[in-house]
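Chain by chain, the residues:
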Amino acid sequence: MRQSMEILAALGKIYGAADMVPVTSVQVAGVSYKTIGDAGLEYLQDMVQKGAKVKVPTFLNPAGMDREQWEALRVPPAFAKKQLEILDTFAEMGIGMTCTCTPYLVGIRPKQSEHIAWSESSAISFANSVLGARTNREGGPSALAAAICGFTPNYGLHLDENRVANLLVKVETELKGTSDFGAMGAYIGEAAKGKTPAFVGVKAASEDRLKSLGASMAAWGSVAIYNMQGITPEWNVVDGAEEITFGARELAETREKIGGDGKPDMVAIGCPHASLSEIEEVAVKVRGKKLATKLWVCTARKTKEAADKAGFTQAIEQAGGNVVADTCMVVCPLEEMGIKHAACNSGKAAKYLTNMFKRKVVYGDVGDIICE
Ligand code: F3S
């Protein structure tokens, strides 16, 4: 606890926090063995040896594999062994094995103005923007420190004055599907350059599309909060905010920039983790068919259990696909599993998979990218 307090006090000093603020939940990232490696595992084991225990409800981001299906999904055993050790250390600290980037879809849904300390960029965006909760972008160690102490330094997005938008985005084109929201996120993420965007002109946006937009802006430009007129609970725009337009030309150019061609080895849906209705959309599309390409729908375990009950998992598996829990296409060892080219409907996944495979992904909505 002393070591955790030192981390929080140092952060508070750096950012000029006047005090600490209690948090109601913590989400810890840096869970996959692929991202934290042996050094991360040793850090966590050291914390456990020193008696670290969390004080507030604390949950994990996706791990590097599905805890139940890893063998069937051909995850290398050496990787699995390390991954299980990492999960064990988190469990010893009292952390919940949610292994999802969408805790808000599995019952962990902070209310407006509630202070939390979350660390996965898409979840942070959703919590700040769509729920109106308050969190900075925590790193793995600072989130863990907040979980152990039960509070976090009171600076940044915990304060009203830092939640004001200063980039007004006029949306002048129709956004037809999730991939259009992801493409807009990529464009605005890059254009924001540290500013906070506020969107006008979006007539309707489901939570699924807002999670896609936020994830993409976070990946392409570290945007941790946005406002959307008539849709998000907060609408605070500074007078004289810079204005930009997102129209049909910007949408087409961004889709062209993100997406490549060729035949993918894998279609990956669920970045951020798929909601039950997104899994249903895939199930309806593939029911009774035989897929020509491997298909993963990544989701939280609780959401998968609901999909199992509803028969969606069965429809997807009968077509040759998988509903995969606890992990995602970015944090699992895809290359070691023989995947070299992927298709996706997510602006965030497109950015990371492009970096991973050194070639552009095939980008589109579920109806366009699933290969029958
Ligand atoms: Fe979630 Fe993995 Fe995407 S953690 S936001 S599904 S890269």
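Residues numbered from 1 in each chain as written. Predicted model: local features only at pLDDT ≥ 70, side-chain atom pairs only at ≥ 80, totals over all residues. Heavy atoms only, no water.

(A) Focus on the overall build of the protein. Looking only at helices and strands, the protein has 13 helices and 13 strands in total. A compact globule built from 372 residues should have a C-alpha radius of gyration of about 21 Å, and the protein, at 20 Å, falls within 12% of that. Along the first, second and third principal axes, the C-alpha atoms of the protein reach 55 × 55 × 35 Å. For the protein, buried positions account for 60% of its 372 residues. Summed over its atoms, the accessible surface of the protein is roughly 15100 Å², and 50% of this surface lies on carbon and sulfur atoms. Counting 41 positive and 43 negative side-chain charges, the protein places the centres of these two groups 2 Å from one another. (Helix = DSSP H or I, 4+ residues; strand = E, 2+ residues; numbered from the N terminus. Rg over C-alpha atoms; globule rule 2.2 N^0.38 Å. Buried < 20%, exposed > 50% of the residue type's maximum accessible area, 1.4 Å probe, protein only. Areas by Shrake-Rupley, 256 points an atom, 1.4 Å probe, with all protein chains shown as cover. Lys, Arg positive; Asp, Glu negative; His and termini not counted. Charge placed at Lys NZ, Arg CZ, Asp CG, Glu CD.)

(B) Structural detail: the sheet that holds strand β6 (residues 197-200). The strand order across the open sheet built from four strands is β7-β6-β5-β8, with neighbouring strands paired in parallel fashion. With partners counted over all chains shown, the strands left at the sheet margins are β7 (227-228) and β8 (237-246), one partner each. The pairing of strand β5 (residues 165-171) with β6 spans four bridges and is parallel. Residue pairing for β6: K170 is matched across the bridge by V200. (Pairing = 2+ DSSP bridges.)

(C) Up close: the side chain of D180. For D180, the position within the fold is in helix α6 (residues 178-192). What makes D180 buried here is its relative accessible area of 7%. Reaching out from D180, the side chain makes a polar contact with the side chain of R255 at a distance of 2.7 Å. Those residues in contact with D180 that lie beyond four places of it in its chain are E174, L175, L251 and R255. (Polar contact = N/O pair within 3.5 Å; in protein donor to acceptor, adjacent residues only side chain to side chain. Contact = heavy atoms within 4.5 Å.)

(D) Examining the packing of aromatic side chains more closely. Within the structure shown, the criterion is met by five aromatic pairs. Taking the ring centre of W220 as reference, the NZ or CZ of K351 above it sits at 4.6 Å. (Phe/Tyr/Trp six-rings, centres within 6.5 Å; stacked < 30°, edge-to-face > 60°. Lys NZ or Arg CZ within 6 Å of the ring centre and 35° of its normal.)

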